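Descriptive structure summary
Listed below are the residues making up each chain.
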Amino acid sequence: RWELTAVAACPDGTVYAVGTAGLPARGLLLRRDADGWKKETLPNISAAWDLRDIACADEGVYAVGYDNANGCGVLLQKDDGWSQVALPLADGDWGLDGVAFDSAGNGLLVGFDAQNGQALIIHGSAGEWTQETAPSAEADQPLLGVAILD
């Protein structure tokens with residue numbers, strides 16, 4: 001069983017869709033090009049994980065989600081193949097729900113830090129990712145999506 005959660009169309013005409021497949025759920029990433037839709041080969045994250053959003057950037061394609069088995073966010077980047085990117089949050093229960101990039105290559109990842117009961121924002125530039133302070137909000141309010149207009 002597949003469940004798709006997000007789609008992104010890149011400037012080169014390639015389209016990507018992300019979500020989950022199977023039970024327990026594992027990340028699913030599909031790519032559409034001139035030859036049709038194909039399932040992408042992804043790194044083995046854990047026994048149970050998902051992908052929730054995807055975005056195109058000049059330096060690659062990025063997908064985000066949640067590793068249910070280890071209680072942490074997932075960031076994948078496509079260069080020649082898909083690889084997992086290390087992020088600054090090393091412990092706690094947190095996940096990623098949204099990803100966006102501007103034309104200069106600056107990225108934002110958003111989600112929820114369940115350990116601290118607050119929204120989560122991670123900024124990326126030149127391959128470096130840094131957690132930012134989220135705006136004040138009611139407790140336990142995640143950020144589920146992000147867009148950058150430039």
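Read on for a plain summary of the structure. (Residues numbered from 1 in each chain as written. Predicted model: local features only at pLDDT ≥ 70, side-chain atom pairs only at ≥ 80, totals over all residues. Heavy atoms only, no water.)

1. What to know about the packing of aromatic side chains
Given two aromatic rings, their pairing is described by the distance between the two centres and the angle made by the two planes. Considering all chains together, one arrives at 4 aromatic pairs under this definition. Ring centres 4.4 Å apart and planes at 25° place the aromatic pair Tyr 62 and Phe 101 in the stacked group. With a gap of 39 residues between them, Tyr 62 in strand S6 (residues 60-67) and Phe 101 in strand S9 (residues 94-101) connect regions that are remote in the sequence. Each ring, one from Phe 101 and one from Trp 129, has its centre 6.2 Å from the other, and the planes form 85°; the classification is edge-to-face. A residue pair is termed long-range when its members are at least 10 positions apart, and Phe 101 in strand S9 and Trp 129 in strand S12 (residues 128-132) qualify at 28 residues. Here Phe 101 matches Trp 129 in class, with each residue buried. A network of ring pairs unites the aromatic residues Tyr 62, Phe 101 and Trp 129 as a single cluster. (Phe/Tyr/Trp six-rings, centres within 6.5 Å; stacked < 30°, edge-to-face > 60°. Helix = DSSP H or I, 4+ residues; strand = E, 2+ residues; numbered from the N terminus. Buried < 20%, exposed > 50% of the residue type's maximum accessible area, 1.4 Å probe, protein only.)

2. Focus: the state of the cysteines
By the definition in use, this model includes 1 disulfide. Through a disulfide, Cys 10 is tied to Cys 56; the S-S separation comes to 1.9 Å. When the S-S torsion is -70°, as for the bridge of Cys 10 with Cys 56, the disulfide is left-handed. Of the two residues, Cys 10 is situated in the loop between strand S1 (2-9) and strand S2 (15-21) and Cys 56 in strand S5 (residues 49-57); the sequence distance between them amounts to 46 residues. Of the two residues, Cys 10 and Cys 56, neither departs from the other in class, the shared state being buried. (Disulfide = S-S within 2.5 Å.)

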